Amino acid sequence: MALDVEANDEVIVPNFTFIATANAAKMLGAKVKLVDVDKKTLNIDPVKIKEAITDKTKCLVTVDINGRACQYKEILKICKEYKIKLITDSAEAFYSNFKNKKLGTIGEIGCFSFSAMKTISTGQGGMLATNSKKLYLKLKKLKDQGRREQGTGGDDIHNHLGFNFKYTNLQASIGIAQLKKLKSRVRKFKIRDDKYTELLSQNKNIFIPPKEKKEVLQWFDIISDDIEKIKDNLRRNKIDFRSFWLPLNTQITYKESSINYANSHFISKKGIWLPSYFGITTDEIEFVCKKIHEVFE
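A quick note: this is a predicted structure, and the numbers were derived from the prediction, not measured.

(A) Just the packing of helix H6 (residues 182-200) against helix H9 (residues 282-294), in detail. For the pair H6 and H9, interaxial distance at closest approach is 10 Å and the crossing angle is 30 degrees. The angle between H6 and H9 falls in the class roughly parallel. By crossing handedness, the relation of H6 to H9 is classed as right-handed. Across the interface between the two elements, Arg192, Lys195, Tyr196, Leu199 and Leu200 of H6 pack against Thr282, Ile285, Glu286, Val288, Cys289, Ile292 and His293 of H9. Tallied by class, the residues present in the contact of H6 with H9 amount to 7 nonpolar, 2 polar and 3 charged.

(B) Quick peek at the sheet that holds strand S11 (residues 271-274). Judged by pairing direction, the sheet is antiparallel, and its 3 strands sit side by side in the order S9-S11-S10 without closing on themselves. Each of the sheet's edge strands pairs with one partner strand only, and the pair in question is strand S9 (220-223) and strand S10 (242-243). When S10 meets S11, the two strands line up antiparallel, connected through 2 bridges. By the bridge assignment, Arg242 is partnered in S11 with Trp273. Most of the contacts of helix H7 (residues 227-236) go to S11, to which it runs at about 30 degrees, and overall it touches S9, S10 and S11. Lying over the sheet, helix H8 (residues 262-270) contacts S9 and S11, oriented at roughly 45 degrees with respect to S11.

Definitions and limits used
Residues numbered from 1 in each chain as written. Predicted model: local features only at pLDDT ≥ 70, side-chain atom pairs only at ≥ 80, totals over all residues. Heavy atoms only, no water. Axes fitted to C-alpha atoms, helices over the stretch in contact; angles between N-to-C directions. Helix = DSSP H or I, 4+ residues; strand = E, 2+ residues; numbered from the N terminus. Parallel < 35°, antiparallel > 145°, perpendicular 65-115°, else oblique. Left-handed = near helix turned anticlockwise from the far one by under 90°. Contact = heavy atoms within 4.5 Å. Nonpolar A, V, L, I, M, F, W, Y, C, P; charged D, E, K, R; others polar. Pairing = 2+ DSSP bridges.

In structure tokens:
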């Protein structure tokens, strides 16, 4: 809404993401154009973005899957060439980096999530980031019933269309307090990822999506042709995991042929996120990996 996307405008979204990414455009009556992703990085494919652009394309929403940066060098060139606005869905990429920039600070607006499973959690809710004062002021009105400044709820002036997307002080205080633990949590993520990589990288039946040095993974993920066997053995040993999302084109709201989404479907069927919580111990990671290796013994 802040970027003036309206009904019948086209918004490009990756086919492999949580459905909320697409629903935000759908709420405005915009046409969601799905694009396939890269098989290795899990992120939207710049070549496919270019193929999907028409004269109705108003906006591109990239998703930094699990803290991995999209190919922003190419993507920014495309947006400039075709005069398309860029929103980065960095819900899973808080404190992760693209070169020397934090993810969520690229493009017109960046989006962060503070839901239950994120690096910083306030139960639900999130945050937007922009370098544009004009967009900042517009977003303030959109989130608070069209008011630039919150009043009494009585004789306030509502000079803009707006809604109730306010964030409570209670939620904010919980999030701010956790910022003190942010660097500690990121260090724990690195230790976790290094241990999983050490124990699983030699298994030829498992592919670990690559990670750049400055990227921060939200969770540790693996891809395998034998993923169903791995899932079964983890369940038998009471080890939890999370399956990858179903491709958006398989959901009833965005149903269409799968012919153009081979990578999304491959990834969705073959991948899982492994136990990754802040307090996970080396012994627990070793136990998880042992049960994964058992599948191939």
